[in-house]
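In case you want the letters, here they are:
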Amino acid sequence: GIEEHYLTADIRDAWEAVGLAATDPSVAAHSGEIERRLLDLASDRLASMDETGLDVQVLSLTTPALHDLGRGSVDLARRANDAVAQATARWPDRFQALAALPVVVPEEAALELERCVRTLGFKGTMLCGRVGDRNLDHPDLRPILESASALGVPILLHPRTPAPAVRSAYYSGFTPEVDAAFAMYGLGWHYDAGIQFIRLMLAGTFDRLPDLQVILGHWGEVILFYAERLAAIDRVSGLEHPIASYLRRNLYVTASGMFSPDYLARAAAAVGTDRLLFSTDYPYQYRPSGDARRFLAECGLDGPDRVAFAQGNW
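What you are looking at is a predicted structure, and each value in this text was computed from that prediction instead of being measured.

What about the pairing of strand S7 (residues 251-254)?
And then number 1: Going residue by residue along S7, you find Leu 251 and Val 253 tucked away on one face and Tyr 252 and Thr 254 tucked away on the opposite face as well.
And then number 2: Bridge count for S7 against strand S8 (residues 276-277) is two bridges, and the pairing is parallel. From the neighbouring strand, Val 253 faces S8, where its bridge partner is Leu 276.
And then number 3: Read from S7 through helix H16 (residues 261-271) to S8, the crossover connection turns out right-handed.

Now the structure itself:
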């Protein structure tokens, strides 16, 4: 499973110190049993993996990660990555990792990604969309993208809660609970992540960095279902290739615990079976009783394609 999340007490406390819950409702959602599972990188997590049938988790810092923290996030990132490295060293056949990066300081983030990959053996990084008021295609953030491309590792582009102005315009007017759910896991998270990928594409990122690989969860964060409409932008984009080419050359797609054979088939049609990855979105989508392994057995892929989905493509 390549989208499996964790949290550290240091980062939780840093969110609280800056009052992040007041502007991002996802912070308040990390509580109770969800928080307990996020903080655990040992026996309870392994037991949950065994129960659902997952052999390996690729660990990534949960949203909103370090995107809203200042220069102090450089030290927070190093400590989080070192803690996860200890877990991967203790259980190398059960855990891998994606780097947590201090994205507000892009040059430092690029160096930390290099340290994580070259020294700690991490497999890539996870980004959570906007950094302050900058989208991921902003020129300031290019050092991170360039580092990932040079190192030959992927970027998992994870959802985050839309900006307050967007939430006010599109995701408000109901109860606070409904507004938050609508803006997060109901829909807003997924539009936000998909739009970030489209922005990277339209900004020419994959023309400048043709080897850069991005992973979108939740079967492509909506955009694959509108691939035909996106293709109409080819008439005005000025890009070197059709949009469909970037979907098949620079994008991988993972399940994120949405165990739907129909969504899998649509994703395969858009990007190819060699670009499908498995994930359970632990602990958010965790369901006991062998749920993940059962989906793999019944997903509609056979033989080499199923092996590729389960592990080979990663």
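Digging into the packing of helix H5 (residues 73-90) against helix H6 (residues 106-118)
And then number 1: Between H5 and H6, the least distance of the axes is 11 Å, while the angle of their chain directions is 15 degrees. With respect to their mutual orientation, H5 and H6 come out roughly parallel. H6 is crossed by H5, and the crossing has right-handed handedness. Only Glu 108, Glu 112, Arg 115 and Cys 116 of H6 make contact with H5, whose side of the interface consists of Val 74, Ala 77, Arg 78, Asn 81 and Asp 82.
And then number 2: Split by residue class, the contact of H5 with H6 holds three nonpolar, one polar and five charged.

Describing the layout of surface pockets
And then number 1: The volume enclosed by the largest pocket comes to roughly 440 Å³.
And then number 2: Tyr 185, Trp 189, His 190, His 218 and Gln 285 are the residues nearest the centre of the largest pocket, which is lined by 20 residues in total.
And then number 3: Those elements that provide at least two residues to the lining of the largest pocket are helix H2 (25-29), helix H9 (176-186), helix H10 (188-202) and helix H12 (218-221).
And then number 4: Here the lining of the largest pocket is built from residues that sort into 10 nonpolar, seven polar and three charged.
And then number 5: Computed from the structure, the second largest pocket encloses a volume of approximately 340 Å³.
And then number 6: Gly 1, Asp 55, Val 56, Ala 310 and Gln 311 are the residues nearest the centre of the second largest pocket, which is lined by 18 residues in total.

A closer look at the environment of Arg 45
And then number 1: Among the structural elements, Arg 45 can be located in helix H4 (residues 43-52).
And then number 2: Looking at Arg 45, the relative accessible area reads 0%, which means it is buried.
And then number 3: Along the primary structure Arg 45 and Pro 283 are separated by 238 residues, whereas in three dimensions their C-alpha atoms are 9.1 Å apart.
And then number 4: Discounting residues that sit within four places of it in the chain, Arg 45 has contacts with His 5, Tyr 6, Arg 37, Leu 38, Asp 40, Gln 57, Leu 59, Phe 95 and Tyr 282.
And then number 5: Within the structure, Arg 45 has its side chain in polar contact with the backbone oxygen of His 5 (distance 2.8 Å).
And then number 6: At 2.7 Å, the side chain of Arg 45 and the side chain of Gln 57 are in polar contact.

So, the pattern of salt bridges
And then number 1: Applying the stated criterion to the full structure yields 20 salt bridges.
And then number 2: One salt bridge connects Asp 291 with Arg 294, and the closest N-O pair in it is separated by 3.3 Å. One end of the pair, Asp 291, and the other, Arg 294, are both in helix H17 (residues 291-298), three residues apart, so they sit about a helical turn from each other.
And then number 3: Three or more residues joined by partner-sharing salt bridges are found here, namely Glu 33, Arg 36, Arg 37 and Asp 44.

Considerations on the packing of aromatic side chains
And then number 1: Evaluated as defined, the whole model comprises 13 aromatic pairs.
And then number 2: With centroids separated by 6.3 Å and ring planes inclined at 70 degrees, the aromatic side chains of Tyr 185 and Trp 189 adopt a geometry described as edge-to-face.
And then number 3: For Tyr 185, a relative accessible area of 53% puts it in the exposed group.
And then number 4: Owing to a relative accessible area of 13%, Trp 189 belongs among the buried residues under this scheme.
And then number 5: The interplanar angle of 80 degrees and the centroid separation of 5.6 Å between the aromatic rings of Tyr 282 and Tyr 286 together place this pair among those described as edge-to-face.
And then number 6: Taking relative accessible area as the criterion, Tyr 286 reaches 14% and is therefore assigned buried.
And then number 7: Feature note: the residues Trp 219, Phe 259, Phe 278, Phe 295 and Phe 309 constitute an aromatic cluster, connected by ring pairs.
And then number 8: The lysine or arginine in question, Arg 275, covers the ring of Tyr 252, its NZ or CZ lying 4.3 Å from the ring centre.

Calculation notes
Residues numbered from 1 in each chain as written. Predicted model: local features only at pLDDT ≥ 70, side-chain atom pairs only at ≥ 80, totals over all residues. Heavy atoms only, no water. Buried < 20%, exposed > 50% of the residue type's maximum accessible area, 1.4 Å probe, protein only. Helix = DSSP H or I, 4+ residues; strand = E, 2+ residues; numbered from the N terminus. Pairing = 2+ DSSP bridges. Right-handed = clockwise from strand over helix to strand, strands pointing away. Axes fitted to C-alpha atoms, helices over the stretch in contact; angles between N-to-C directions. Parallel < 35°, antiparallel > 145°, perpendicular 65-115°, else oblique. Left-handed = near helix turned anticlockwise from the far one by under 90°. Contact = heavy atoms within 4.5 Å. Nonpolar A, V, L, I, M, F, W, Y, C, P; charged D, E, K, R; others polar. 1 Å grid on protein atoms, 1.4 Å probe; cavity = no way out; pocket = protein on both sides within 12 Å on 5 of 7 lines; lining within 4 Å. Points joined across faces, edges and corners; volume = space filled by probe spheres on them. Polar contact = N/O pair within 3.5 Å; in protein donor to acceptor, adjacent residues only side chain to side chain. Salt bridge = Lys/Arg side-chain N within 4 Å of Asp/Glu carboxyl O. Phe/Tyr/Trp six-rings, centres within 6.5 Å; stacked < 30°, edge-to-face > 60°. Lys NZ or Arg CZ within 6 Å of the ring centre and 35° of its normal.

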